[in-house]
Amino acid sequence: MNETLAKPPLTLLLASPRGFCAGVDRAIQIVELAIEKFGPPVYVRHEIVHNRYVVEELERKGAVFVEELDEVPAGAKVIFSAHGVPKSVPEDAKARDLFYLDATCPLVSKVHVEAERLHARGLEILLIGHAGHPEVIGTMGQLPERAVKLIETVADAERFRPADPEKLAFVTQTTLSVDDTAEIVSALRRRFPSIAGPHKEDICYATTNRQEAVKAIAPRAEAVLVIGAPNSSNSMRLVEVAERAGCRYSALVQRASDIDWAALGDVKSVGLTAGASAPDVLVEEVIAAFGERFDVTVEETAAARESVQFKLPRALAG
């Protein structure tokens, strides 16, 4: 063999767990089963999950994605996305006599219930999260207007002035940075020692596990690629986690075609993971792209094992 044609060696450090979580898997199944049971078209309010590849695959099968319910014709079937919706959305669907299925992740629904329970106790509610994210809009929409105050940063936590420091509670978005959120919660607890919080951590198991998996590979990698969408909160947090874990180059890619090979340079080791909305087929696509340029050895590092499954809506069961 001509040595000049030999590919340079590369170790791909594959994070595990990565990719689909149980909530995303359930949401996609709901759309697929609804199309199968009721026939196309089935309407979906907002992207079912934050991934273009997934959305386009479902469109091919007969899903029609809309921004608001007024785009859904009378008598149609409609599904709400995994991120959750304000209470006004199902109320509107009922008023229009639309048949709807709610694909909200059960772990997001848990946060909704917590917020309502804490509000019912007469507590002022703080939501730690990112402004404009669909999950944040949905959680804030469970309570009356202005009943929830959004806290995005430690600085927000430091300057917040409650109506009554003794009547305060917090909940969090499920897809945040575990470390960032801990800093914000610490600031709130220092300022307001009696603040009530969730019984159990709001940041979901999948977000936590994927961040821990990146922390396990990032110190050994010259670069880390995260497969995911720019509007996917959990994917963007993985990029940040890799940077903080000491990786010199960390980037988000939606597909293999997005890889900036020049930026990677003469690497010998690359970490690879995928956000909770990214299907494994995209991971395989990226591995194949590396295989065209390098003599690849894949090493998988498991930070946790996941066996969570969520039940489907009764209307689709059986």
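One structure accompanies this document, and this report is about it. This is a predicted model, so every value here is computed, not measured.

## Observations regarding the sheet that holds strand 10 (residues 249–253)
In space, the five strands of this open sheet follow the order 10-9-11-1-12, with parallel pairing throughout. The open sheet has two edge strands, strand 10 and strand 12 (295–302), and neither has a second partner. Each strand axis lies, on average, 25° off the axis of its neighbour in the sheet, ignoring direction. The pairing of strand 9 (residues 223–227) with strand 11 (residues 269–274) spans five bridges and is parallel. Among the inter-strand pairings, isoleucine 227 is bridged to a residue of strand 11, identified as alanine 274. On the sheet, helix 9 (residues 233–244) packs against strand 9, strand 10 and strand 11 and is oriented at approximately 170° with respect to strand 10.

## So, the nonpolar core
What tends to happen in soluble globular proteins is that the nonpolar side chains get buried as a cluster. Val31, Ile48, Val49, Leu58 and Ile79 are the most contacted members of the largest nonpolar core, which has 28 residues in total. Where this core is concerned, the elements lending two or more residues are helix 1 (22–38), strand 2 (42–45), helix 2 (52–61), strand 3 (63–66) and helix 4 (106–120). Here this core gets seven residues from one element, more than from any other, and that element is helix 1. Beyond its immediate stretch of four places on either side in the chain, isoleucine 48 contacts Ala27, Val31, Val54, Leu58, Phe65, Ile79, Phe80, Ser81, Ala82, His83 and Ala103. Ile227, Ala274, Ala278 and Phe294 belong to the second largest nonpolar core, which has 24 residues in total.

## A few points about the sheet that holds strand 2
Ordered in space as 3-2-4-5, the four strands form an open sheet in which the pairing is parallel. Sheet topology places strand 3 and strand 5 (99–102) at the edges, where each strand pairs with a single neighbour. Each strand of the sheet is rotated relative to its neighbour by a mean of 30°, with strand direction disregarded. Relative to strand 3, strand 2 runs parallel, the two being bridged by four bridges. Bridge pairing in strand 3 places arginine 45 opposite valine 66. Its contacts with the sheet put helix 1 on strand 2, strand 3, strand 4 (77–80) and strand 5, and the angle it makes with strand 5 is roughly 155°.

## Points about helix 2
The α-helix advances 3.6 residues per turn, and as a result positions three or four apart in sequence lie on the same side. Those residues of helix 2 that sit buried are Val54, Val55 and Leu58. Down the axis of helix 2, the smallest arc covering the buried residues is 100°, so these residues share one side. In this structure, the buried side of helix 2 is in contact with helix 1 and strand 3. Phi turns positive one or two residues past the end of helix 2, at glycine 62, with a value near 125°.

## Thoughts on the environment of threonine 139
Within the secondary structure, threonine 139 is located in helix 5 (residues 134–140). C-alpha of threonine 139 to C-alpha of valine 111: the two residues are 28 residues apart in sequence and 7.3 Å apart in space. Once you skip the residues sitting within four places of it in the chain, threonine 139 turns out to touch Val111, His112 and Leu127. A distance of 3.4 Å separates the side chain of threonine 139 from the side chain of histidine 112, its partner in a polar contact.

## Thoughts on the side chain of glutamate 114
Relative to the helices and strands, glutamate 114 resides in helix 4. When its relative accessible area of 6% is taken as the criterion, glutamate 114 is described as buried. Leaving out residues up to four positions away in the same chain, glutamate 114 has contacts with Val171, Pro198, His199, Lys200 and Asp202.

## Structural notes on the pairing of strand 11
The buried count for strand 11 comes to six of six residues, which makes it a mostly enclosed element. Sheet topology places strand 1 (residues 9–16) next to strand 11; four bridges connect them, and they run parallel. What sits directly across from leucine 14, in strand 11, is leucine 272.

## Here's the deal with the pattern of salt bridges
Scanning the entire structure with this criterion turns up 24 salt bridges. Ionic pairing is found between arginine 18 and glutamate 300, a salt bridge with its closest N-O pair at 2.9 Å. Pair noted here: arginine 18 is in the loop between strand 1 and helix 1 and glutamate 300 is in strand 12, with a separation of 282 residues, a long-range link. A salt bridge links lysine 268 to aspartate 266; the nearest nitrogen and oxygen atoms lie 3.6 Å apart. Judged by its relative accessible area of 43%, lysine 268 falls in the partly exposed class.

Criteria and thresholds
Residues numbered from 1 in each chain as written. Predicted model: local features only at pLDDT ≥ 70, side-chain atom pairs only at ≥ 80, totals over all residues. Heavy atoms only, no water. Pairing = 2+ DSSP bridges. Helix = DSSP H or I, 4+ residues; strand = E, 2+ residues; numbered from the N terminus. Axes fitted to C-alpha atoms, helices over the stretch in contact; angles between N-to-C directions. Contact = heavy atoms within 4.5 Å. Core = buried A, V, L, I, M, F, W, Y, C linked by side-chain atoms within 4.5 Å. Buried < 20%, exposed > 50% of the residue type's maximum accessible area, 1.4 Å probe, protein only. Arc of directions from axis to C-beta. Polar contact = N/O pair within 3.5 Å; in protein donor to acceptor, adjacent residues only side chain to side chain. Salt bridge = Lys/Arg side-chain N within 4 Å of Asp/Glu carboxyl O.

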